[in-house]
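Descriptive structure summary
Here are the chains, one letter per residue:
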Amino acid sequence: MVALLLVFLLPTLGIPIVYLTGKKSPRAAAIVVALIALANTGLLLTTVPEVLNSSDHVYVEPYAWISILESEFTLFVDGISLSLAIITSVLIVVAALFSIDYMEGKKNLAVYYTLLTMLSLGLVGVFITSNILLFYFCWELMLVPAYFIIGGWGYRSPFRAAFKFFIFTHAGAVFVLLGIGAIYMFTGATDMFLAQQSLMSVSPDLVRWILLSLTAGFAVKMAVVPVHMWLPDAHSEAPSPMSALLSGVIISAGAYAILRLSLGTVFPAVMDTAFGTDFVHGLAIFGVLSAFFGSLIALVETDIKRIIAYSSIAHMGYVLFGLSLFPSSLGAGVVVITAAITGTVLHLVTHAVSKGLLFLSAGAIMHQTEVRDIREMGGLAGKMPFTAVSSTIAALSIAGTPPFACFISEFLIFVGAFEVISGDGFFLLPTALMLIATVLSLAYSLRYLSHVFLGKPKTEGEKKIVDVPIYMKAAMAILVVFVIVLGIWPTFFIDLINTVQFL
Amino acid sequence: MVDILDVVLPIISLVTFAVLTIPVFRVIRKTQHRTALALAWFATAFLVSGAAVANLALQYYSLESPLPFLSVTLSDTPLSEFSSGFMIDGISVYMAIMFVAVSAIILVYSVFYVDSSKRPSERYFAIMLVLTAALMGAVFAGDLLTLFIFWEAAAAGSSFLMIYKKDPVSLNSTLKYLVMIIIASAFIVFGLSIVYGLTGSLNFWAVREALMTLADKQLLVIAFILIASGYAIEAAIVPFHFWLPDAYAASPSSSAAFLSALIDQGSYYVLIRVLIFILTPPDVLNWTFMLAVMAALTMIVGNLFALIQDNVKRLIANICVADVGYNLVGITSVTALGLTGNLYFFLMGGITTALSFMAVGVASRYGFRTLEDFSGLGKKMPLVSIALVIAALSFAGVPPLGGFMAKYLVFTAAIQANMSWLAVVGVLTSVLQVAYLLRLVNYMYARDPKDEIVIKEPKRILVPIFILVAAIIILGFYPQIVFNFIDPVVNQLPLIP
C-alpha cells in the first residue's frame, strides 16, 4: 500500500515535467497539473474503504526518515484529514483548469504552473501526515510558492500584498515552531498521537504555554481577528485561481491545525483545568469577533474581491466558534466527535467549495469586464448568464441558505452549540450572536448579487461583454455540482468525519 | 589501528598538491584546454586527499569500539601523553569530510571566478589548498599547541585570500583583520601559558584530567576568560565581530565563500572544542549563561546590521555574524541535540553562505552590487536569482531547506537546556531575517530592471552553484544523510556534563 506516498511523489516528480511542458505550451502544463491533482484525488479515494471499515478508522503508512529525532515519515489519514485532503485536491484540479483561460497571455506561465504544482504538494501534504515535523515542512511549503504566485501574477501592487502575507504567516509559523520544539522537548515525540499521550504527564502550567503559542501561530494563518490584516490584501490581489486556493484551502489548513494539534494533541492535557475552559471560551469570543468584523466590513466594502475576502474572515469566525465547542470535560484524553466538530469540519469542506466558486466567479467577472468596483457594475446577469447563476449559487451557499452546501454545516454547528449550552451556560450569548451574524452574511451576499448582476449597466465599456470561455465554465461547473450535491447529500463526508474516534 | 601516517596523509597530500600547483600551472597555461586541465588537476588533488580522509574514517570506524579521543602520537614513549600529537574522534572525522567536500566545490567555482589564465591566480588556488590542509590539521590536533599552530596558520593565511584584489579597501580591511587575529592569538597564548603552568601539559586529555582535580581554580578562570575571548574574536562573536563584514565584503566573492564556509566554521569548531571538551569548568564559572548572552547579542546585532545594509555582499556578511549567534545557541545548551545541531549547522550554514556569496559574485561581475542594482535581477539572470532566493530562504529557516533543520535543532536544544528565552530571541530574530531577505527578493522580482541590458548567464560557473542548491534541498529534506555521520559523534559524548 503506497497510496499516500504516491500522493507526495506525484507532484514532486511532476515539478520538472510541468516546467518543461509549460515551456512549450502553458495549456498542456495546466492539464498536467490538473491530471496530477486528479490522480491524487483518486489515490486518496482508494483509502476511503480502509478508513470507513478498519477497526480504528485510520490509514497509516510509516517510512523511515530522521532517526536521530525518532521522527518517522508517517503518512496518515483519518476521516477528518481525508475529507479535507480530497476537497483540496478537487480545488487544485479546478484552479488549474480555470487558469487555462484566465491566465492566458500572461508572462512566464511555465513558472506559474510549476509553482502551482509545488503549492499542491504543501497543500495536500499538510493534511495527510501525523508527524509534527513533516506537518511543519508542508505548512511552510504552502508559503513560498504562494508568495511568488501572488507577487508575480497578482494585481495592483502584488509584491506588497505578498510580502504582508509572507511576513504575517511566517511570524505565525515561528510561534508554531516554538510550540513544536517545546512538545519535542517535553515528550521526545514528533508523532501527534504519541505526543498527546506523553503530554498528559507534563505539568499543565507548562502545557498551557505550548497551547497558546501553537494556537496563536495557527490563528494567523486562519486570519482570525486581530491577526487577519494580511488576508484582505493577499486574497484580493492574488490571481483568482490562487484566491480560491487561499480562501478555500490555506486558511482551512489553519483551522485544521488548531483542531488537530492545538485541540487534539495539546488540549487534552489541560482539558480538566480552569484554563482549559477559559481557553475554549476565548476561542468562542474571537470567533464571534471575527464573524462580526468580517461581515460588517463585507457589507460596506466596494471592491468585488475584498468583499469575498472579508467574508472569508467571517466564515473563519464560524469555524473558530465551532472549534470552541470542542468537548471540554470528558476526562483523560478521550475525545468524542460531537455534532459541533462534525459541523465544523464539514464547514471547512463546504466553505472551500463555495468560496472557491465565488472567487472564481468574481475572477470571471473581472476577466471579462476589467472592472473591480461593484458600484461600476450592474446588469451583468443578461450578459454573463452562466457566471450569474454560479455566483448566485455560491453567494447563497455562503449566506447559509438551503439547499446549498454551507447550510447543512452551519446547521450542524448550531445543533452542536445547543448541545453544549445545556452544559455550559457561557455559550448562550456567543451562539445568539452567531445566529445574528448569519443574517449579516445573507445581507452582504444579497448586496453583492444585486450590485453586480441586477439593475442597469453603470458604465458602457467599448468592449462587448460576453460570458466566460469554456475552460473557465468547466472549472466553475465542477464546483457548482459540488455545492449543490453537498447541500442535498452531505452523507459521504459526514460518514467519513464521524468515523473519527480520537484526535 | 590508526597510524600516524593515516592522520597526516590528507594534510600532506593537500600541501604537496598546493606546492606543485605553481609549476603545474606554468605548463597548463601554455596548452589550449587551460580550464579543463586546471579542473582536472584540482580534481586529482581532491580525489587523493578525499581518499586519504575516507581511509582515515574507515580505519577509525573499523576499530573495535571507536574510542572518543583516540590519541595518535609521534613517538611511543611512556610520556607520549604529554607530548605533542594528533587526536581523532568522530567530530574531527566529520569536520574533515566536510572540509574536503565544500572546499572542492568552492575551488571549482574559483577556477571560473578568478580568471585562471592570469598570472597570480595559481597562488590563489595553492593558498586555498594549503588553508584546507591547515584546517584539517586543526581538527586533527591532539593538544592545545598543535591546535593553536594549525588554526592560526589557517586564520592568518586566509588574509591572502582577502587581499587578492589589492585595492585600497581590501588592504584596509585585511589589515584590520590581521590586527584582530594577532590580538586574539596574544590572548590565547597568554591563556595557554597559564593552563600549561597549572597542569604541566597541553595535551587535551591530560589538561582536562588535571583541571578536573585542580584545587584552586582562580587562575583557571582567568585562563578561561582569556582563551574564550581570544577565540570569540576569531569567531566574530559580538562584541568582537566588527572586522568580519568589512573583511568579507572587501574580498573577492570566491574568497568570501571560502572564508564563510570553511574558516568561519573552523573558528567556531575550535571554540567548541576548547570550551566544551577541554576547559569545561561548569562549577567555577557560569559560562553557559555568559555565552547565551553573547549568542543573543550576536543574533540581534548581526540581523540588525544586515537590515540596514545597502550592499548585498555586506548584507550577507552580516548574516554570517548572525549565523555565528545561531550556532552559539547550540553550544550553550551543552546537550547531545545541541551538538548535533552545531555540527549540522557547520555544514548547512557554511554552504548556504557560500552559495549566496557565489551567486552574488556572479551578479557583481556585471556590476550589480547594491539592492538598487538588484532590481529586476529575476528577469535578467533567472538562474542566479533562483540560487540566491534558495539561499535566502534557507537562511530564513524555511523548510524543507537545510537552514530550517539547523535552526530547529539548535532552538530545540536551547529549550531542552531550559533556556527558552534564548530560543525566543532566536525565533524573533529569524522573523527579522525573513523581513530583510524578502526585501532582497522583492527587489529582484517586484521591481523592473533599470536598463534593458540582456545578460547571457555564464553556464559553467552555475554548475558549482547548483550543486550547492541541490545539497541544501536534499540534505534539508532528508538530513539523515548527514546525521549518519553525526550519530556516532553524539554517542561518544562522555565528556559533556
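As the structure is a computational prediction, the values presented were derived from the model and not from experiment.

Across its full length, chain A holds 21 helices and two strands. In terms of overall dimensions, chain A is globule-like: its C-alpha atoms have a radius of gyration of 21 Å, near the 23 Å expected for 503 residues. With the principal axes as the frame, chain A shows a C-alpha extent of 70 × 50 × 40 Å. Looking at the 503 residues of chain A, the share that counts as buried comes to 64%. Of all intrachain contacts in chain A linking residues separated by at least 6 positions in sequence, the fraction that spans at least 24 positions is 81%.

Tallying secondary structure elements over chain B gives 19 helices and two strands in all. Its C-alpha radius of gyration of 22 Å places chain B within 12% of the 23 Å reference for a compact globule of 497 residues. Taking the principal axes of the C-alpha coordinates as reference, chain B spans close to 75 × 55 × 45 Å. Counted over contacts in chain B with a minimum sequence separation of 6, partners at least 24 positions apart contribute 79%.

Looking now at the interface of chain B and chain A. Counting residues at the interface gives 25 residues for chain B and 24 residues for chain A. Secondary structure elements with two or more residues in the side of chain B that touches chain A: α16 (402–416), α17 (420–446) and α19 (480–491) of chain B. Sorting elements by how many residues they give to the side of chain B that touches chain A places α17(B) first, with 11 residues. Looking at the side of chain B that touches chain A residue by residue, the class counts come to 18 nonpolar, six polar and one charged.

The relative placement of two packed helices is expressed as an angle between their axes plus a distance between the axes. Residues and elements named next belong to chain A. Close contact between helix α5 (residues 109–127) and helix α6 (residues 132–141) brings their axes to 8 Å; oriented N to C, the two are set at 140 degrees. Comparing the axis directions of α5 and α6 gives the class oblique. Read as a crossing pair, α5 and α6 show a hand that is left-handed. For the pair α5 and α6, the contacting residues are M118, L121, G122, G125 and V126 in the first and F135, C138, W139 and L141 in the second. Classifying every residue of the contact of α5 with α6 by side-chain character gives seven nonpolar, two polar and no charged.

What follows concerns the nonpolar core. If you look at the biggest cluster of nonpolar residues, it comprises 411 residues, and the most contacted ones within it are A:M142, A:V483, B:L355 and B:A359. With 20 residues, the top contributor of residues to this core is helix α8 (residues 158–187) of chain A. Filtering out sequence-adjacent residues up to four positions away, B:L355 remains in contact with B:A387, B:A391, B:I465, B:L468, B:V469 and B:I472.

Residue and element names in this part refer to chain B. Its 30 residues give helix α13 (residues 336–365) an end-to-end C-alpha distance of 43 Å, which sits within 8% of 44 Å, the value for a rise of 1.5 Å per residue. Helix geometry: α13 is bent most strongly at F345, by close to 30 degrees. Burial analysis of α13 places 27 of its 30 residues in the buried class, the great majority of the element. A positive phi of about 85 degrees marks G367, the residue just after α13.

All names here are of chain A. The residue A173 is located in helix α8 in this model. Residue classification places A173 among the buried residues on the basis of 28 C-beta atoms within 10 Å. Along the primary structure A173 and A216 are separated by 43 residues, whereas in three dimensions their C-alpha atoms are 9.3 Å apart. Ignoring anything within four residues of it in the chain, the contact list for A173 reads W139, E140 and G217.

To continue, consider unusual backbone geometry. Put simply, A:P402 and A:P403 share a cis peptide bond, and its omega is 5 degrees. For A:P403, the location among the structural elements is in the loop between α17 (385–398) and α18 (405–421). Notably, A:N108 is not glycine yet its phi reads approximately 55 degrees, a positive angle. Inspection of the secondary structure puts A:N108 in the loop between α4 (79–102) and α5. Judged by C-beta crowding, with 16 C-beta atoms within 10 Å, A:N108 ranks as partly exposed. Positioned with a positive phi, B:A236 is a non-glycine residue whose angle comes to about 60 degrees. Tracing the chain through its elements places B:A236 in the loop between α8 (218–234) and α9 (243–250).

Moving on, we come to the pairing of strand β2 (residues 71–78) of chain A. Residues and elements named next belong to chain A. The element β2 is largely enclosed, with a buried count of seven among its eight residues. Where strand β1 (residues 58–66) and β2 come together, seven bridges link them in antiparallel fashion. By the bridge assignment for β2, I66 is matched with S71. Counting the residues between successive antiparallel strands, the hairpin from β1 to β2 contains four residues, one of them, E70, with a positive phi of roughly 50 degrees.

Our focus in this paragraph is the environment of A:G14. Structurally, A:G14 is set in helix α1 (residues 3–24). As for A:G14 and A:L380, which are separated by 366 residues in sequence, their C-alpha atoms are 39 Å apart.

Moving on to the confidence of the model for chain B. Residues and elements named next belong to chain B. Averaged over all residues, the pLDDT of chain B is 85; the fraction at 70 or higher stands at 92%. Summarising per-element confidence for chain B, the mean pLDDT is lowest in strand β1 (residues 70–73) (66) and highest in helix α18 (residues 462–477) (92). Scored as a complex, the prediction yields pTM 0.86 and ipTM 0.80.

Another point: the packing of α18(A) against helix α20 (residues 470–488) of chain A. Residue and element names in this part refer to chain A. Running from amino to carboxyl end, α18 crosses α20 at an angle of 40 degrees, the nearest separation of the two axes being 6 Å. Comparing the axis directions of α18 and α20 gives the class oblique. Contacts from A405, F407 and I408 of α18 reach α20 at V483, L486 and G487. Looking at the contact of α18 with α20 residue by residue, the classes come out as five nonpolar, one polar and no charged.

All names here are of chain A. Along the chain, the position of E61 falls in strand β1. On the basis of neighbour count, E61 is assigned to the buried category, with 21 C-beta atoms found within 10 Å. Leave out the neighbours within four places in its chain, and E61 touches M1, V2, L4, L5 and L75.

Cut-offs and rules
Residues numbered from 1 in each chain as written. Chains lettered and ligands numbered in written order. Predicted model: local features only at pLDDT ≥ 70, side-chain atom pairs only at ≥ 80, totals over all residues. Helix = DSSP H or I, 4+ residues; strand = E, 2+ residues; numbered from the N terminus. Rg over C-alpha atoms; globule rule 2.2 N^0.38 Å. Buried ≥ 20, exposed ≤ 12 C-beta atoms within 10 Å, placed from the backbone. Contact = placed C-beta atoms within 7 Å. Nonpolar A, V, L, I, M, F, W, Y, C, P; charged D, E, K, R; others polar. Axes fitted to C-alpha atoms, helices over the stretch in contact; angles between N-to-C directions. Parallel < 35°, antiparallel > 145°, perpendicular 65-115°, else oblique. Left-handed = near helix turned anticlockwise from the far one by under 90°. Core = buried A, V, L, I, M, F, W, Y, C linked by C-beta atoms within 7 Å. Expected span 1.5 Å × (residues − 1). Bend = angle between axes of the 7 residues up to and from the residue. Pairing = 2+ DSSP bridges. pLDDT = per-residue confidence, 0-100.

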